[in-house]
Amino acid sequence: MENEELKYSGIFCRLISEKFLCCVSVKKIDWQDILKELSTKDEDESLKLQNILLAETLNHPLNQKYPLKLSYQLGFLKYIILTLEERGVEVSEDLYSKFQELLQSPPPSSDFSFKHYKAADDKFVTLKESTSIVSEGTTGLCSWQGAFVLAEWCLENSVVLNGKGILELGSGIGLTGLVVCKTCLPKYVAFTDVHESVLKQLCSNININTGCEDNFDYGPEDQDVLLNNLWEGKHILVAKLDWISFDLDSIFCELDFPDVLLAADVVYDPSLVTPLCKVLNSFFEKKKDISVIFACTIRNQGTHELFLETLGGMGMTPKLIPFNSKLIFHYDLVGNVLLYSIHKET
């Protein structure tokens with residue numbers, strides 16, 4: 001295979017790689033182009049391309065260091081091997097060897113695995129996520145679609161975030177805030193949540209992505225600020241913020257008050273709507289011109305309407321932001337996600 005042809009075919013491998021690294025369902029991956037390349041080249045060229053595909057997926061450095069769910073890797077590789085065999089294509093011995101290696105791997109020791117989301121160029125956000133929607137009594141140990149939509153908005157509006165102090169409410173395991181850290185130029189990013197398991201996982205994911213995991217030390221439970229690192233000129237803060245009982249001054253005793261407030265998929269429980277709105281109101285009382293951007297997945301229309309009504313009752317005005325998700329990230333967009341800019345009447 002000529003170098004240019006190999007490079008051209010390698011593009012298909014990298015497109016597959018992006019989807020593999022974030023565990024897109026094997027059935028939802030567009031295999032047409034790469035399978036055509038593998039099936040129509042002569043045997044030597046096809047084997048070379050198969051090995052490139054292997055290097056860009058299962059043997060990718062990110063998967064080697066922070067492996068995807070074992071069952072997903074097995075299903076991915078099994079699909080490739082069976083499809084090539086069905087087409088009468090000689091299968092690389094390296095593919096068979098990798099499959100055997102995975103079959104002999106010990107079962108997972110926890111209910112967590114990794115996913116890697118490409119944010120820009122060669123910048124990936126690596127997340128350790130729960131393999132279950134509900135884990136340890138919370139839904140905050142996996143990523144939700146609102147976080148992806150908000151992260152895409154941040155990527156397309158990075159100029160709004162550059163040089164600003166940013167706080168995220170209900171950060172979960174950190175997708176949106178980490179995208180901002182890796183692709184924008186904020187003064188600082190403050191991640192907040194309340195559940196202890198979520199905060200621990202959040203701190204861990206931040207340290208994985210900033211290369212600080214070797215000296216990671218989760219702060220004492222009785223402290224509001226659990227992590228405060230300087231990374232590439234940006235302060236990264238993790239703080240416990242209970243919407244029912246909170247003290248904003250204790251979090252920002254060493255940092256300027258935030259310029260931008262972000263939140264994704266935090267409107268889901270009717271009992272938390274009033275506390276959430278009170279927190280927002282407190283931010284506006286501290287800084288009238290703070291920018292507030294919410295991504296709301298409409299799961300229950302009644303809860304959503306309650307949120308809007310409660311905002312209005314406290315003098316806050318939500319304004320819809322026209323935004324069509326371009327699916328920069330690979331995820332399932334199910335249902336309607338609305339983006340709001342929230343302002344306080346003066």
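Below: a short report on this structure. Since the structure is predicted, the reported quantities are computational estimates derived from the model, not experimental observations. All residue numbers refer to position in the chain's written sequence, counted from 1. It should be noted that, the model being predicted, local features are given only for residues of pLDDT at least 70 and side-chain atom pairs only at 80 or more, the latter also being counted only at that level, while totals for whole chains, interfaces and linings use all residues. For side-chain calculations, the full set of non-hydrogen atoms in the structure is used, while hydrogens and water are omitted.

### Section: the overall build of the protein chain
- Strands are runs of DSSP state E lasting at least 2 residues, helices are runs of H or I lasting at least 4, and numbering of each runs from the N terminus. The secondary structure content of the protein chain amounts to 13 helices and 10 strands.
- For every residue, the accessible area obtained with a 1.4 Å probe (protein chains only) is divided by the maximum for its type, and the residue is called buried under 20%, exposed over 50%, and partly exposed between those limits. When burial is assessed residue by residue, the protein chain has 51% of its 346 residues classed as buried.
- Under the convention used here, a 1.4 Å probe and the Shrake-Rupley method define accessible areas, while residue burial counts only the protein chains that appear. With the model as given, the accessible surface of the protein chain reaches about 16,600 Å², and the carbon-plus-sulfur share is 49%.

### Describing unusual backbone geometry
- Non-glycine residue D121 carries a positive phi angle of around 45 degrees.
- A relative accessible area of 64% means that D121 is categorised as exposed.
- With a phi angle near 55 degrees, D265 is a residue other than glycine that sits in the positive phi range.
- With respect to the element layout, D265 can be found in the loop between β7 (260–264) and α12 (270–286).

### A closer look at the side chain of T192
- The residue T192 is located in strand β4 (residues 188–193) in this model.
- Whenever two N or O atoms come within 3.5 Å, that pair is a polar contact, provided that in protein one can donate a hydrogen and the other can accept it, and provided that, for residues adjacent in sequence, both atoms are side-chain atoms. A polar atom in the side chain of T192 sits 2.7 Å from the backbone oxygen of E168.
- The contact criterion used is simple: two residues touch if any of their non-hydrogen atoms lie within 4.5 Å. Not counting chain neighbours up to four residues away, the residues in contact with T192 comprise L167, E168, L169, G170, S171, A239 and L241.

### Side note on the packing of aromatic side chains
- In this scheme Phe, Tyr and Trp rings, the latter by its six-membered ring, pair at centre separations within 6.5 Å, and the angle between planes marks the pair as stacked below 30 degrees, edge-to-face above 60, and tilted otherwise. Tallying each qualifying case throughout the model produces 13 aromatic pairs.
- On the numbers, 6.0 Å between centres and 55 degrees between planes, the contact of F148 with F329 is tilted. Note that F148 is positioned in helix α7 (residues 145–156) and F329 in the loop between β9 (316–320) and β10 (337–344), a separation of 181 residues in sequence.
- Judged by its relative accessible area of 1%, F329 falls in the buried class.
- Judged by centre distance (5.7 Å) and plane angle (15 degrees), the ring pair of F294 and F307 falls under stacked. Separated by 13 residues along the polypeptide, F294 in strand β8 (residues 291–297) and F307 in helix α13 (residues 301–313) bring together distant segments of the chain. Taken individually, F294 and F307 each receive the classification buried, so the pair is uniform in this respect.

### Some words on helix α5 (residues 70–86)
- One fewer than the residue count of a helix, multiplied by 1.5 Å, yields its expected span. Over its 17 residues, α5 extends 24 Å from the first C-alpha to the last, a length consistent with the 24 Å expected when each residue adds 1.5 Å.
- Buried within α5 are the following residues: L70, Y72, Q73, L74, F76, L77, I80, I81, T83 and L84.
- Of the residues flanking the end of α5, it is G88, one or two places downstream, whose phi is positive at about 75 degrees.

### Quick look at the pattern of salt bridges
- Only one rule defines a salt bridge in this text: a Lys or Arg side-chain nitrogen within 4 Å of an Asp or Glu carboxyl oxygen. On inspection of all chains with the given rule, the structure shows 9 salt bridges.
- Where K98 meets E101, a salt bridge forms, and the shortest distance between an N and an O atom there is 3.2 Å. Within this pair, K98 and its partner E101 are both found in helix α6 (residues 93–103), separated by 3 residues, close to a single helical turn.
- According to the relative accessible area criterion, K98 is buried, its value standing at 7%.
- Of the charged contacts in the structure, one is a salt bridge between E196 and K200, with a shortest N-O distance of 3.3 Å. Of this pair, E196 and K200 both sit in helix α10 (residues 196–210), 4 residues apart, which is roughly one turn of the helix.
- The exposure class assigned to E196 is partly exposed, which follows from its relative accessible area of 32%.
- Under the relative-accessibility criterion, K200 is labelled partly exposed at 38%.

### Some points on the sheet that holds strand β6 (residues 234–240)
- Only when DSSP finds a minimum of two bridges between them are two strands counted as paired. The 8 strands lie next to each other as β5-β6-β4-β3-β7-β8-β10-β9, forming an open sheet whose pairing is mixed. Of all the strands in the sheet, the pair left with one neighbour each is β5 (225–231) and β9. Each adjacent strand pair in this sheet contributes to an overall mean axis angle of 20 degrees, direction not counted.
- Pairing analysis gives 5 bridges linking β9 to β10, with the strands arranged antiparallel. Each residue of the ladder has a partner; that of M316, found in β10, is K344.
- Against the sheet, helix α9 (residues 175–183) touches β3 (165–169), β4, β5, β6 and β7, its axis set at about 170 degrees to β4. Interaxial angle, 0 to 180 degrees, is taken between N-to-C directions of lines fitted to C-alpha atoms, where a helix line uses only the stretch in contact.

### Describing the nonpolar core
- Here, the term nonpolar core denotes a set of buried Ala, Val, Leu, Ile, Met, Phe, Trp, Tyr and Cys residues that are joined through side-chain atoms within 4.5 Å. W31, I34, F76, F191, V238 and F329 are the most contacted members of the largest nonpolar core, which totals 76 residues.
- Not counting chain neighbours up to four residues away, the residues in contact with F76 comprise I16, F20, V26, I29, W31, T57 and L58.
- Of all hydrophobic cores here, the second largest spans 35 residues; its members include W243, L255, V266 and V279.

### Some thoughts on the pairing of β6
- Of all 7 residues in β6, 5 are buried; the element is thus mostly enclosed.
- In this sheet, β6 lies alongside β4 in parallel orientation, the contact comprising 6 bridges. Across the sheet, V189 pairs through a bridge with I236, a residue of β6.
- Here β5 folds back onto β6, and the loop between the two strands holds 2 residues, one of which, E232, carries a positive phi near 50 degrees.

### Remarks on α13
- Under the 1.5 Å per step criterion, the end-to-end length of α13 is 18 Å for 13 residues, consistent within 8% with the ideal 18 Å.
- Among the residues making up α13, those that are buried are T303, H304, F307, T310 and L311. Angularly, the buried residues of α13 cover 125 degrees about the axis, an arc narrow enough to put them on a single face. Seen from the buried face of α13, the exposed residues on the opposite side, beyond 90 degrees, are E309 and G313.
- Where α13 is buried, its residues touch α12, β8, β9 and β10.
- At the N-terminal boundary of α13, the capping side chain belongs to N300, with an oxygen 2.9 Å from the backbone nitrogen of G302. Here the arc refers to the directions that run from the helix axis out to each C-beta atom.

Geometry only, nothing functional implied.
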